[in-house]
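So you can see what is in the structure, the chains are spelled out below.
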Amino acid sequence: MFAEIAPRYDFLNHFLSVSIDRRWRKVAVSRAGASLAGKANPICLDLCSGTGDLAIELNRGLNVPVVASDFCHPMLIRGLEKARVAGQDGFIPFIEADSLVLPFGSDVFDVACVAFGLRNLESAESGLAEMKRVLKPGGMALILEFSRPVVPVFRQLFEFYFHHILPHLGALISGQSTAYRYLPTSVRRFPAQRELASMMESVGFRDVGYRNLSGGIAALHWGTK
């Protein structure tokens, strides 16, 4: 499914979100930067990286090496092409890997991020545990994901768009209807803000918190190993 939408993936992300997703990633990068303050030779992991938007933004914004990991080969190919065009491919290795069984040792990364990918794993809880494993002690996990709007009226309007209009627009532009029916369904099944925070605590993260973005359309969660 992800391989089939790879050619139009970036355009659709920005088009369907009116480019708000770019601003959400910048918020995540800012939070990552704050956690890296004072650390020597830090390194970041972006898992479920897709076409590398967050990895590229992390490297550009923080000037640190970033490993981009994903299990979908066509997505990684596009990510590598984008990094080359931006002159960043020397700082972002793209690794084809399963986010539930990462090919990295324990205690390696200072920050481990996932943007709009945790809900796609077979087990979000196992994915969080794997993020914790590869983080150094004191390292931070960051999860940027669609969530539940918290503003009355706006919530109903957004949910109508998200569940009834977005799937048709996505299918029309991409020529692939399954992915854009899957998107709202996967968000509906994914834990809401407080439930995800509790899940992070249950796998051993401390100082867990979250910030609603754009009224809760998305949320940024964080926790420390």
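For the structure itself, consult the block above.
Since we're looking at a predicted model, the values are computed, not measured.

(A) Quick look at the packing of aromatic side chains. Using the criterion set out here, one finds 5 aromatic pairs in the structure. Look at Trp24 and Phe146: their rings are 6.2 Å apart centre to centre, the planes differ by 85°, and that puts the pair in the edge-to-face class. Of this pair, Trp24 sits in helix 3 (residues 20–36) while Phe146 sits in strand 5 (residues 135–146), and the two are 122 residues apart along the sequence. Here the aromatic cluster, defined as three or more aromatic residues joined through ring pairs, consists of Trp24, Phe116 and Phe146.

(B) Local environment of the pairing of strand 4 (residues 109–115). Buried residues dominate strand 4, accounting for 7 of its 7 residues. Sheet topology note: the strand 1 (residues 44–47)/strand 4 ladder contains 4 bridges and is parallel. Following the sheet pairing, Leu47 is matched in strand 4 by Val114. The pairing of strand 4 with strand 5 spans 6 bridges and is parallel. Looking across to strand 5, one finds that Ala115 is bridged to Leu144. As for the winding sense of the linkage, the β-α-β connection from strand 4 through helix 6 (residues 124–134) to strand 5 is right-handed.

(C) Molecular detail of the nonpolar core. Grouped together as the largest cluster of nonpolar side chains are 43 residues, with contacts concentrated most on Trp24, Leu142, Phe146 and Leu220. Element by element, the count of residues in this core is highest for helix 3, at 6 residues.

Reading the values: rules and limits
- Every chain's residues receive numbers from 1 upward, in the order its sequence appears when written.
- Since the coordinates come from a predicted model, pLDDT governs what is reported: local features require at least 70, and pairs of side-chain atoms require 80 or more to be given and counted, while whole-chain, interface and lining totals use all residues.
- Side-chain measures were taken over the full set of non-hydrogen atoms in the model, leaving aside hydrogen atoms and water.
- Aromatic contacts are taken between Phe, Tyr and Trp rings whose centres are within 6.5 Å, Trp giving its six-membered ring; a plane angle under 30 degrees counts as stacked, one over 60 as edge-to-face, and the others as tilted.
- Runs of H or I in DSSP of at least four residues are treated as helices and runs of E of at least two as strands, each being numbered from the N terminus.
- Residue exposure (1.4 Å probe, protein chains only): buried if accessible area is under 20% of the type maximum, exposed if over 50%, otherwise partly exposed.
- We treat two strands as partners when DSSP finds at least two bridges between them.
- The crossover handedness rule: strands pointing away from the viewer, path from first strand over the helix to second strand clockwise, crossover right-handed.
- In plain words, nonpolar cores are sets of buried Ala, Val, Leu, Ile, Met, Phe, Trp, Tyr and Cys residues tied together by side-chain atoms within 4.5 Å.

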